[in-house]
Amino acid sequence: MRHGILIALVSRSRPAPRHPWPRYPGERPDGDPAGRLHRCRGGAKEAPTLPELTGIDTTAWLYKGSDLTRDPEWKFGTLPNGMRFAVRKNGVPPGQVSVRVRIDAGSLNETDSERGFAHFIEHLSFRGSEYVPDGEAKRVWQRFGATFGSDTNAQTTPTSTTFKLDLPSATQAGLDESLKIMAGMMEKPTITDASVAAERPIVLAEQREQPGPQVRFGDAIRATFFAGQPLADRSPIGNIKTLEAATGATVKAFHDRWYRPENTVVIISGDMDPALFGRLIVKNFADWKGIGPVTPAPDFGKPDPKAPVSATIAEPAIPAVVTLGVVRPWEYKDDTAIMNQKRLVDVLATRLISRRLETRARAGGSFLQAGVSIDDVSRSANLTSVNIVPIGTDWEAALKDVRAVIADAQTNAPSQAEVDREYADFDTIMRTSVETARVEAGAKQADDMVGALDIRETVAGPETSYKILQDAKAKGMFTPATLLASSKAIFEGTATRALVNTQTPDAGAANKLATALKADVSGLAGKRRAQAAVDFSKLPSLGKPGVVASREKIAAFDMEQVNFANGTRVLLFPNAGETGRVYVRVRFGGGYTAIPSNRPTPAWAGDLALVAGASASSTRAISTSLPRAGGSVSTSGSTTMRSRWARSPRRRIIRTSCG
């Protein structure tokens, strides 16, 4: 199930059900979701989601094998050639239509001589096809108001290649032409010796420029955690040798093998009738035929228990850090309510441990930050990961302290008050997703559908997600005993592996790390801190109210600026999009302009030091500074990060939005 916070949280593996039906063509029975196309629960005939599309199977293929309530806003279809689609109406923002075309092939589908070809084809597809000459697609979409790199883009991951288009002021004619272009990009892109030679310098430039310290650290994580599996050395960017050797014939062979309608899903969420979306998809994609016989999907392998348990890297540009991983085989699971409820127990266990780690760090521990998370990585492994940023370079002490907190969580049950706190936080997150669902952008919904397909799950409306949480609570699934059991289980697996960044080379670091992973940490966790009852009466006084120096209307934006005598400014503006809610954003200080440019500073840790948030925020904070285990490559070549620092020096700005 993919919605809100649940989209990135995955439970420990359990035995996968065996399915006699094929999923994607040639794929092993436990590995993929297309079997949902051929399967109906109890043999009952399902109602079509778009009955006006005659001759097309519009049953909800995504939900076959799942007992979750189908999100009624999504409409589904399967063309006679095997291509599937999912469409819905969404008016956020008004007039926009977001299109995603997902090919179920990425860098893990490459052979050794094809390294980087999936990403290469992503580039070539934008150059031209049977329907448009070289470079014309970009010019067409520019006429429709789309900007290349933000509104038109693509991304190659180990498991898929996704083409993205956001039409800001879409019309039926513009969408029709856009889908015709995208259909040509998928079926008949221009792949010749000439086009490969023309695009090769651009791809090689990305390959040369990408390997910064974070990329190298991410490569080292994959090589360590997934040793013995293709994911260990299958970065989507490829390598120089295979990219230089690529020809029109070899790249086209990869395209013809994997770019097939059976491997394709078209997703549209936008401000038009879903039936229109369906008709235009049928019009532009129904004639597509795969070339040659179906190729069986590759085996992504299972974690190798005999691989080395530790590794080291020396990157002076990133902090000293220890990354610990417990790996288990990835196995397909039907996306059911009980599966998600068991998953939620694991989620709360990770949040509880992360909160204790945060408390330990703030109490003067040997580490600045540590957090626990669980994820499915590129359908190659189910992973429990622990990221640790030590104070200074004493990573051994930090690892020992973190392992002690984890060991304590595996030995001693939490209090009911701790469980209730984690549940209350998570309940707030899920309830907020329900309250804000009507202003969720169509582009996000399309991206969430892509993500669900990547991990072989469904999508669920926020009300369904929230009800699953509430039902689990009503069943008594969140107790000290269940969280204790989960805390044990999520740290069990095929192997435990770790990587340390020492900043400066240390030949003995790998052996030290292997030894540290076995060190006895019993009794080192210290005394747990109980949460005290706190209310506003126990907080320090805020002092005298500020003096308003002036007020002024900003008519163009329906805003008001209030200037206080001490220099603080408040921007007030109404927002009818979310009734009954008030948002407050505070910005202060000099932002990046106040950071010295001639020496290193700890400014990167500012949000951790200044804000004592929930454990999930701590995990997100470190995830923005460390690479993910799976890896991906985008044609735009850029990464967008939302800064929490103010841009205006020496001024505090408070923005308030009232619904």
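On a predicted model such as this, the values are computed, not experimentally measured, just so you know.

1. Brief notes about the pattern of salt bridges
This model, assessed by the stated rule, comprises 36 salt bridges. A salt bridge links Arg456 to Asp104; its shortest N-O distance comes to 3.1 Å. With Arg456 in the loop between α12 (442–454) and α13 (462–474) and Asp104 in the loop between β3 (97–103) and α1 (117–127), this residue pair connects regions lying 352 residues apart in the sequence. Judged by its relative accessible area of 6%, Asp104 falls in the buried class. Lys467 serves as the salt-bridge partner of Asp471, at 2.8 Å between the closest nitrogen and oxygen.

2. Looking at the sheet that holds strand β11 (residues 495–501)
The pairing of strands in a sheet happens through backbone hydrogen bonds and is either parallel or antiparallel. Strand order across the open sheet formed by five strands is β7-β11-β8-β10-β9, with mixed pairing between neighbours. For this open sheet the edge positions go to β7 (310–313) and β9 (367–377), each flanked by a neighbour on one side alone. The average angle at which neighbouring strand axes cross in this sheet is 15 degrees, direction not considered. Two elements, strand β8 (residues 321–329) and β11, share seven bridges in a ladder whose sense is antiparallel. Of the residues in β11, the one forming a bridge with Gly325 is Arg497.

3. Comments concerning helix α3 (residues 172–187)
In a regular helix each residue adds 1.5 Å, so 16 residues correspond to 22 Å; α3 covers 22 Å between its end C-alpha atoms and thus fits that length. With 12 of its 16 residues buried, α3 lies for the most part within the structure. Restricting attention to buried positions, one finds in α3 the residues Gly174, Leu175, Asp176, Ser178, Leu179, Ile181, Met182, Ala183, Gly184, Met185, Met186 and Glu187.

4. Observations concerning the pairing of β9
As a general feature of sheets, a regular strand has side chains that alternate between the two faces. Taken across its 11 residues, β9 has nine buried, putting it largely inside the fold. As judged from the 10 bridges shared by β9 and strand β10 (residues 381–390), these two strands associate in the antiparallel manner. Bridge pairing in β10 places Ala370 opposite Ile388. Connecting the antiparallel pair β9 and β10 is a turn made up of three residues, with Ser378 showing a positive phi of about 50 degrees.

5. Brief notes about the packing of aromatic side chains
One pass over the structure, following the stated rule, counts five aromatic pairs. Measuring from centroid to centroid gives 5.5 Å for Trp61 and Phe76, while their planes differ by 80 degrees, and the two rings are edge-to-face. With a gap of 15 residues between them, Trp61 in the segment before β1 (75–78) and Phe76 in strand β1 connect regions that are remote in the sequence. With a relative accessible area of 1%, Trp61 lands in the buried category. Overall, Phe76 belongs to the buried group, its relative accessible area being 0%. Seen from their ring centres, Tyr423 and Phe478 are 5.5 Å apart, and the 40 degrees between their planes marks the pair as tilted. Of the two residues, Tyr423 is situated in helix α11 (residues 416–435) and Phe478 in the loop between α13 and α14 (480–489); the sequence distance between them amounts to 55 residues. By the burial criterion, Tyr423 is buried, and Phe478 matches it. Of note, Lys180 hangs over the ring of Tyr131, and the distance from its end group to the ring centre comes to 5.6 Å.

6. Notes on the confidence of the model for the protein
A residue-level look at the protein finds 84% of positions with pLDDT of 70 or above and a mean pLDDT of 85. Across residues 613–627 the pLDDT falls below 50, and counting only partners more than four positions away or on other chains, this stretch makes 33 contacts in the model. Note that pLDDT drops below 50 for residues 635–659; the model gives that stretch 79 contacts with residues more than four away or on any other chain.

7. Thoughts on the packing of α1 against helix α4 (residues 193–209)
One way to put it is that α1 packs onto α4 with a least axis distance of 10 Å and a crossing angle of 125 degrees. Looking at the two axes, α1 sits oblique to α4. Judged by the sense of rotation from one axis to the other, the crossing of α1 with α4 is right-handed. From α1, His119, Phe120, His123, Leu124 and Arg127 reach across to α4, where they touch Ser195, Val196, Ala198, Glu199, Arg200, Ile202, Val203 and Glu206.

8. Describing the packing of α3 against helix α8 (residues 274–285)
Relative orientation of the contacting elements α3 and α8 amounts to 40 degrees, with a least axis distance of 9 Å. With respect to their mutual orientation, α3 and α8 come out oblique. Judged by the twist between their axes, the crossing of α3 over α8 is right-handed. Note on element contacts: α8 touches α3 through Leu276, Phe277, Leu280, Ile281, Lys283, Asn284 and Phe285, opposite Gln172, Leu175, Asp176, Leu179, Lys180, Met182, Ala183 and Met186. The residue inventory of the contact of α3 with α8, partitioned by class, reads 10 nonpolar, two polar and three charged.

Cut-off values and rules
Residues numbered from 1 in each chain as written. Predicted model: local features only at pLDDT ≥ 70, side-chain atom pairs only at ≥ 80, totals over all residues. Heavy atoms only, no water. Salt bridge = Lys/Arg side-chain N within 4 Å of Asp/Glu carboxyl O. Helix = DSSP H or I, 4+ residues; strand = E, 2+ residues; numbered from the N terminus. Buried < 20%, exposed > 50% of the residue type's maximum accessible area, 1.4 Å probe, protein only. Pairing = 2+ DSSP bridges. Axes fitted to C-alpha atoms, helices over the stretch in contact; angles between N-to-C directions. Expected span 1.5 Å × (residues − 1). Phe/Tyr/Trp six-rings, centres within 6.5 Å; stacked < 30°, edge-to-face > 60°. Lys NZ or Arg CZ within 6 Å of the ring centre and 35° of its normal. pLDDT = per-residue confidence, 0-100. Contact = heavy atoms within 4.5 Å. Parallel < 35°, antiparallel > 145°, perpendicular 65-115°, else oblique. Left-handed = near helix turned anticlockwise from the far one by under 90°. Nonpolar A, V, L, I, M, F, W, Y, C, P; charged D, E, K, R; others polar.

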